[in-house]
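Each chain, letter by letter, is given below.
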Amino acid sequence: MENKVKNAGTAKLEVNGKKVDLPVYSGTHGPNVIDIRKLYAETDHFTLDPGFTSTGSCESQITFIDGDEGILLHRGYPIDQLAEKSNYIELCYLLLNGQLPNKTEYDAFWREIRQHTLLHTQQDRFFDGFRRDSHPMAMLTGAVGGMAAFYPGAMGNEDPEERRNSSIRLIAKLPTLAARCMKYNLGQRFIDPLNKFSYSENFINMCFSVTAEDYEINPVLARAMDRFFMLHADHEQNASTSTVRLVASSGAHPFAAIAAGVASLWGPSHGGANEAALRQLREIGSLDKVPEFVKMAKDKNSGIRLMGFGHRVYKNYDPRAKVMQKTCYEVLDALDLRDSPALKVAMELERIALQDDYFIEKKLYPNVDFYSGIILEAMGFPTKMFTVLFAVARTVGWVSQLNEMLEDPTQKIGRPRQIYTGAPMRDYVPINGR
């Protein structure tokens, strides 16, 4: 990867009387960064930053977020424009290759993905080892990692063509694996992919069709699924993406790195946030209970946290939420579910949040998780499948970030430091004369 940072001056630091000059760099957008790579060597000190809230781990050209302005760009393109005018496959090409495809490139890319949607027949046997009530994310984590056994040539990451093949395979096969997780929970026969469908249509068909009858795919739901995938495709250096980069930095098999990303995504503070938001809407239950719930959410001592509002990165309206809100209404209209209790509660919470001084002051706007849970439930997905769908969408972001890291000559194996606060060095004294 070509280094594109620009010199933006020097930061001067004094530690114990020793003065150190640290380079300052600027990127295309966003705040400047102070390069501290030589700090430890020159001062015998390193930095402490729990959660890495003020630490940049890499240079990237894939995604940019301006949380204060509510901006999300993929390769320079605003997410709302992509979601409105493009589709998930085109976005995959953009993230992987750095530019939008022409028609010939798009057709070739889509044809290649369709050729890799099937799983090795032996891989279906993996599912027999799981309990029928296993959480789909547990199955997906194991199934993705297990794919490494079928493609040993990808180990080591040295071959660019093999890395590209791995990227295509992962994007193509994750929907198939995800649909099998759902079917296995339901006790239904697996449905193989049909390449006559679009990416999202194929996924919906594998999840909801049965062998006993024909299944007609609702185009509104297919478009909603495609938008969901697009809005979750990549989101800078979040927990799961950083996990994928860290695992891959050791030279691990790319399928193992993606499996680690799936595991990281599982948590309710990350990929499970939409599941938590929907669960909270159900707990509120009805419009008459909203005022009391909002009152408790404002009380720091209540222990109630309003799920689906605010974001660690966005200090403005999440740009993905605007697209997801529109999609939510389209889906509910298509399914005649506008009277859904969860939606009524959600709309009232949204109304309050956009008008109440408390929420405005704290910039607690509805985020993408607030609407996506309502959409997915309306489409018929079990709640525990929500994070699996997120993983399908995020796969292209993970592999794009993984490839970028491996092509960056400045990257090395990840090895964070720590400040040790345990017991001081002491002598071992044998017990009872041993």
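Before going into details, it helps to say that this report is about the structure given with it. (Residues numbered from 1 in each chain as written. Predicted model: local features only at pLDDT ≥ 70, side-chain atom pairs only at ≥ 80, totals over all residues. Heavy atoms only, no water.)

## Here's the deal with the environment of Gly 51
Phase 1: With respect to the helices and strands, the residue Gly 51 is situated in the loop between helix 1 (39–43) and strand 4 (63–66).
Phase 2: We classify Gly 51 as partly exposed; its relative accessible area is 47%.
Phase 3: Once the C-alpha coordinates of Gly 51 and Gly 145 are considered, the two residues, 94 residues apart in sequence, prove to be 26 Å apart. (Helix = DSSP H or I, 4+ residues; strand = E, 2+ residues; numbered from the N terminus. Buried < 20%, exposed > 50% of the residue type's maximum accessible area, 1.4 Å probe, protein only.)

## Structural notes on the pairing of strand 1 (residues 6–15)
Phase 1: Looking at chain direction, strand 1 and strand 2 (residues 18–26) are connected through eight bridges and run antiparallel. Each residue of the ladder has a partner; that of Lys 12, found in strand 2, is Asp 21.
Phase 2: Between strand 1 and strand 2, which pair antiparallel one after the other, the connecting turn spans two residues, and Asn 16 there sits at a positive phi close to 50 degrees. (Pairing = 2+ DSSP bridges.)

## Some details on the sheet that holds strand 5 (residues 71–74)
Phase 1: Spatial strand order, 4-5-6: three strands in an open sheet with antiparallel pairing. Across the chains shown, the open sheet's two edge strands, defined by having one partner strand only, are strand 4 and strand 6 (77–78).
Phase 2: The sheet contact formed by strand 4 and strand 5 spans four bridges and is antiparallel. In the strand pairing of strand 5, Thr 63 is matched with His 74.

## Focus: the environment of Arg 111
Phase 1: The topology assignment puts Arg 111 in helix 4 (residues 103–114).
Phase 2: By relative accessible area, Arg 111 is classed as partly exposed at 43%.
Phase 3: The spacing of Arg 111 and Val 33 is 78 residues in sequence and 41 Å in space, taken between C-alpha atoms.

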